Amino acid sequence: MTEVIVFTDLDGTLLDHESYSVRAALPAIDLLIRRGFPIIPVSSKTAAETRRWTRLLTLEGPFICENGCGIVIPAGSLANRPDGSVEHAGEWRISLGTGIDQVRLGLEELSEAAGFTYRSLGQMSAEELSSLTGLAGKELDECLAREYDEPFVIDGNHDVDLIERKAAEKGFHFTRGGRFYHLTGGCNKGKAVQLLVNLYRKERHDPLFVGIGDSLNDLPMFRVVDAAFLVQKPDGTYDPHIPEDSARRVNGAGPTGWRAAVEEVMTLV
């Protein structure tokens, strides 16, 4: 049987957008784990947040955090330590992004160049952050422990195409996730996934690489996997910014759609 390696977004995909529940996806998660098929989170969440979810879901392989800016691999889970990685606390860590201080400065300059006002996570009160994310306490602290990716909201009317163009001119990547816009420097989910795909191809016999997501920030990931799946938003729609030929639409929002995607993949192998 062909091995399947699943790269998955978390918020709004494997996790329910509002409740963060994974219940609807559990049968599919269990099926993949029993067959030894890796599930690799690819998230806008920080390393601390993503690490907590991998432990809750009993996932033992790598994960990608902060929209592709960081890769964390449990030491020894791959046959060879990747070039450029740093070993720390039993993990091989790879940094692909620009440091958060430079990104925040870039966001300030971008807002002036593109004529918009914004509020980033670091500028919001704990009450506002909890209202927007549903997080509190330690989980909120983990969300704020950002190293590369700055999430933010934009006030009033704005030209997304202009912002994206101005960001690219300044060497940044501007995208949108389920709740926030994001600015990163020199990285995206596709670059990080491609790096892991290359590592797995050296060690595994022709696996099938799958990507599952729900938002525009997943598009770079969709473009480097063998089979891409787009789940529905909570209102039953699909992200209109994902081209039809970039990902197969599956019925179901969040973890319900995730389960449907995995079940479809398993008919192919």
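What comes next concerns the included structure.

### A short note on the overall build of the chain
Along the chain, the regular secondary structure elements total nine helices and 13 strands. For 269 residues, the compact-globule estimate of 2.2 N^0.38 gives 18 Å, and the C-alpha radius of gyration of the chain, at 18 Å, lies within 12% of that figure. If you line up the chain on its principal axes, its C-alpha atoms span 55 × 40 × 35 Å. Buried positions account for 54% of the 269 residues belonging to the chain. Roughly 12,100 Å² of accessible area belongs to the chain as shown, and the carbon and sulfur atoms make up 47% of that amount. If you average the places of the 28 positive and of the 40 negative side-chain charges in the chain, the two averages end up 3 Å apart.

### Remarks on the sheet that holds strand β5 (residues 86-88)
Spatially, the four strands line up as an open sheet ordered β3-β4-β6-β5, and their pairing is antiparallel. Strands with a single pairing partner mark the edges of an open sheet, and in this sheet they are β3 (63-65) and β5. Each strand of the sheet is rotated relative to its neighbour by a mean of 30°, with strand direction disregarded. Bridge count between strand β4 (residues 70-74) and strand β6 (residues 91-95): five bridges; the pairing is antiparallel. For Pro-74, the partnering residue across the bridge sits in β6 and is Glu-91. Sheet strands in contact with helix α2 (residues 47-56) are β3, β4 and β6, and its direction is about 150° off that of β3. Sheet strands in contact with helix α7 (residues 189-203) are β3, β4 and β6, and its direction is about 30° off that of β4.

### Remarks on the state of the cysteines
In the structure shown here, the tally under the stated rule is one disulfide. One disulfide bridge connects Cys-69 with Cys-187, the sulfur atoms lying 2.0 Å from each other. Placement of Cys-69 in the loop between β3 and β4 and of Cys-187 in the loop between β10 (181-185) and α7 is noted, with a sequence separation of 118 residues between them. On the basis of relative accessibility, which here comes to 0%, the residue Cys-69 falls in the buried class.

Conventions we followed
- Residues numbered from 1 in each chain as written.
- Predicted model: local features only at pLDDT ≥ 70, side-chain atom pairs only at ≥ 80, totals over all residues.
- Heavy atoms only, no water.
- Helix = DSSP H or I, 4+ residues; strand = E, 2+ residues; numbered from the N terminus.
- Rg over C-alpha atoms; globule rule 2.2 N^0.38 Å.
- Buried < 20%, exposed > 50% of the residue type's maximum accessible area, 1.4 Å probe, protein only.
- Areas by Shrake-Rupley, 256 points an atom, 1.4 Å probe, with all protein chains shown as cover.
- Lys, Arg positive; Asp, Glu negative; His and termini not counted.
- Charge placed at Lys NZ, Arg CZ, Asp CG, Glu CD.
- Pairing = 2+ DSSP bridges.
- Axes fitted to C-alpha atoms, helices over the stretch in contact; angles between N-to-C directions.
- Contact = heavy atoms within 4.5 Å.
- Disulfide = S-S within 2.5 Å.

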